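Here's the letter readout for the chains.
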Amino acid sequence: MSAPEIFDRAARRVLRNRAALNYSAHDFVRAAMLDGISERLATVKRSFVDVLDLGSFDGAYVPPAGSRVARMDAGHTFARQSGAIQADEDRLPFADASFDLVVSAGVLDQVNDVPGSLALARRALRPDGLFLGALLGAGSLSTLRGALRTAEGERPVARFHPQIDVRSAGDLLMRAGFALPVADTETLRVRYGGLGKLLDDLRGMAATNVLIERQSLRRDTLARTASAFADAADPDGRTAERFEIIFLTGWAPSPDQPQPARRGSATASLAAELARKS
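Residues numbered from 1 in each chain as written. Predicted model: local features only at pLDDT ≥ 70, side-chain atom pairs only at ≥ 80, totals over all residues. Heavy atoms only, no water.

S.K.: Looking at this model, I keep getting lost on the overall build of the protein. Mind explaining?
M.R.: Scanning the protein from terminus to terminus reveals 9 helices and 7 strands. Dimensions of the protein, computed from C-alpha atoms along their principal axes, come out at roughly 70 × 55 × 40 Å. Considering the protein as a whole, with its 278 residues, one finds that 46% of them fall into the buried category. Accessible surface for the protein amounts to roughly 14400 Å². Of this, 53% is attributable to carbon and sulfur atoms. Taking the average place of the 36 positive charges on the side chains of the protein and the average place of its 34 negative ones, the gap between the two points comes to 2 Å. (Helix = DSSP H or I, 4+ residues; strand = E, 2+ residues; numbered from the N terminus. Buried < 20%, exposed > 50% of the residue type's maximum accessible area, 1.4 Å probe, protein only. Areas by Shrake-Rupley, 256 points an atom, 1.4 Å probe, with all protein chains shown as cover. Lys, Arg positive; Asp, Glu negative; His and termini not counted. Charge placed at Lys NZ, Arg CZ, Asp CG, Glu CD.)

Structural data, given as structure tokens:
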């Protein structure tokens, strides 16, 4: 059974093509994601030969020294800029066991079939290959959400993509078949002088609404939203917005990896040990 389509694939491609024209002016969230991925990769003491940049944007991701990198992006312009293949993340065109490392930053929150996309990434890895991902998760854009709730009152419209929390992200890694899954989160806070600059950043990073069931924002609603956003400002007149980044780490299964102990294999009683220490 295929996953329901909630995102408009064609609209997403158009959005990414537009964002590619001036992406470097709005890439701070993905830059933070790539920094976090690099920090996690630095703790791994092994080499990688073949790397996949899954959702390449402008090709800013720098793979480990000495490795070969293949890139893929859903947008035609980003794909052309970064020398990538154009394809959707839940429709990978790569053979199984093609890569030692798959990196994905800033795209999995806009994929129709997230479990399927993660499963395909795992299949694209060789045994004991590593997946490192980052996406915007639950809690992101909380100030904008609150401003829109105020502006639309009792008749809210679906304007935000469904968000994955950190616990669900870990579950998705396990569901996709990754071994040793880890999901953790970091918060990026950015302060804005007004709603217009935030919306400009969201358009520039290809992070605006691509839901199939989307509605345009009316001018009077936009004005009320801007007013509510300004009302949430700090004393200096700037309003803080939150970007919650979820980092994902998982390994393609391999017989050489540490395995959890078989249930019931313990040789000592926890209750007896606690009694002994009391």
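S.K.: Please clarify how the pairing of strand 1 (residues 50–54) should be interpreted in this entry.
M.R.: Across the 5 residues of strand 1, 5 count as buried, placing the element largely inside the fold. The pairing of strand 1 with strand 2 (residues 68–73) spans 5 bridges and is classified as parallel. Of the residues in strand 2, the one forming a bridge with Asp50 is Arg68. One ladder, built from 3 bridges, connects strand 1 with strand 4 (residues 99–105); its direction is parallel. (Pairing = 2+ DSSP bridges.)

S.K.: Looking at this model, I keep getting lost on the side chain of Asp73. Mind explaining?
M.R.: Mapping Asp73 onto the fold places it in strand 2. At 2.8 Å, the side chain of Asp73 forms a polar contact with the side chain of Arg16. Setting aside anything within four residues of it in sequence, one finds Asp73 in contact with Arg16, Gly55, Ser56, Phe57, Phe78, Ala79, Ala84, Ile85, Gln86 and Ala87. (Polar contact = N/O pair within 3.5 Å; in protein donor to acceptor, adjacent residues only side chain to side chain. Contact = heavy atoms within 4.5 Å.)

S.K.: Looking at this structure, how should I read helix 5 (residues 142–152)?
M.R.: Think of an α-helix as 3.6 residues a turn; residues three or four steps apart then line up on the same face. By the burial criterion, the buried members of helix 5 are Thr143, Leu144, Ala147, Leu148, Ala151 and Glu152. Buried residues along helix 5 cover an arc of 155° about the axis, so they all sit on one side. Projecting away from the buried face of helix 5 at angles above 90 degrees are the exposed residues Arg149 and Thr150. For helix 5, the elements touching its buried residues are helix 7 (195–204), helix 8 (219–231) and strand 7 (239–251). Gly153 occupies a position one or two residues after helix 5 and carries a positive phi of about 60°. (Arc of directions from axis to C-beta.)

S.K.: For this particular structure, what's the right way to read the pattern of salt bridges?
M.R.: Side chains that differ in sign of charge can pair as their charged atoms come close. Counted by the stated rule, this structure contains 22 salt bridges. Across the pair Arg40 and Glu186 runs a salt bridge, and its minimum N-O distance is 3.2 Å. With Arg40 in helix 2 (residues 28–42) and Glu186 in strand 6 (residues 179–192), this pair connects stretches of sequence that are 146 residues apart. Residue class for Arg40 comes out buried when judged on its relative accessible area of 17%. For Glu186, a relative accessible area of 33% puts it in the partly exposed group. (Salt bridge = Lys/Arg side-chain N within 4 Å of Asp/Glu carboxyl O.)

S.K.: Please clarify how the environment of Val103 should be interpreted in this entry.
M.R.: Mapped onto the secondary structure, Val103 falls in strand 4. Spatially, the C-alpha atoms of Val103 and Pro63 are 9.1 Å apart, while their sequence positions differ by 40 residues. If we skip the residues at most four places from it in the chain, Val103 touches Ile37, Leu52, Asp53, Leu54, Tyr61 and Leu132.

S.K.: How do you make sense of the packing of helix 7 against helix 8 when you look at a structure like this?
M.R.: Two quantities define a packed helix pair, namely the angle between the axes and the distance from one axis to the other. Contact geometry of helix 7 with helix 8 gives a least axis separation of 9 Å together with a crossing angle of 110°. Considering their axes alone, helix 7 and helix 8 lie roughly perpendicular with respect to each other. For the pair helix 7 and helix 8, contact is made by Leu195, Leu198 and Leu199 and by Leu222, Thr225, Ala226 and Phe229, respectively. Across the contact of helix 7 with helix 8, the residue classes break down as 6 nonpolar, 1 polar and no charged. (Axes fitted to C-alpha atoms, helices over the stretch in contact; angles between N-to-C directions. Parallel < 35°, antiparallel > 145°, perpendicular 65-115°, else oblique. Nonpolar A, V, L, I, M, F, W, Y, C, P; charged D, E, K, R; others polar.)

S.K.: Even after reading the chapter, I still don't get the pairing of strand 7, so can you show me in this structure?
M.R.: A regular strand carries its side chains on alternate faces of the sheet. Counting buried positions over the 13 residues of strand 7 gives 11, a clear majority of the element. Where strand 5 (residues 125–136) lies against strand 7, 7 bridges are found, and the strand directions are antiparallel. Directly across from Leu136, in strand 7, lies its bridge partner Ile245. Relative to strand 7, strand 6 is paired through 12 bridges, and the arrangement is antiparallel. Paired with Thr187 across the bridge in strand 7 is Glu244.

S.K.: Can you walk me through the packing of aromatic side chains in this structure?
M.R.: A complete count under the given rule lists 6 aromatic pairs for this structure. Considering the side-chain rings of Phe28 and Phe243, the 5.8 Å spacing of their centres and the 85° angle between planes classify their relative orientation as edge-to-face. Pair noted here: Phe28 is in helix 2 and Phe243 is in strand 7, with a separation of 215 residues, a long-range link. Among the residues examined, Phe28 registers a relative accessible area of 25% and is labelled partly exposed. Accessibility expressed as a relative area gives 0% for Phe243, which makes it buried. Ring centres 5.3 Å apart and planes at 85° place the aromatic pair Phe94 and Phe99 in the edge-to-face group. Just as Phe94 is buried, Phe99 falls in that class too. Three or more aromatic residues link up through ring pairs in this structure, and these residues are Tyr23, Phe57 and Phe78. Its guanidinium or amino end placed over the ring of Phe247, Arg40 lies 3.8 Å from that ring's centre, counting from NZ or CZ. (Phe/Tyr/Trp six-rings, centres within 6.5 Å; stacked < 30°, edge-to-face > 60°. Lys NZ or Arg CZ within 6 Å of the ring centre and 35° of its normal.)

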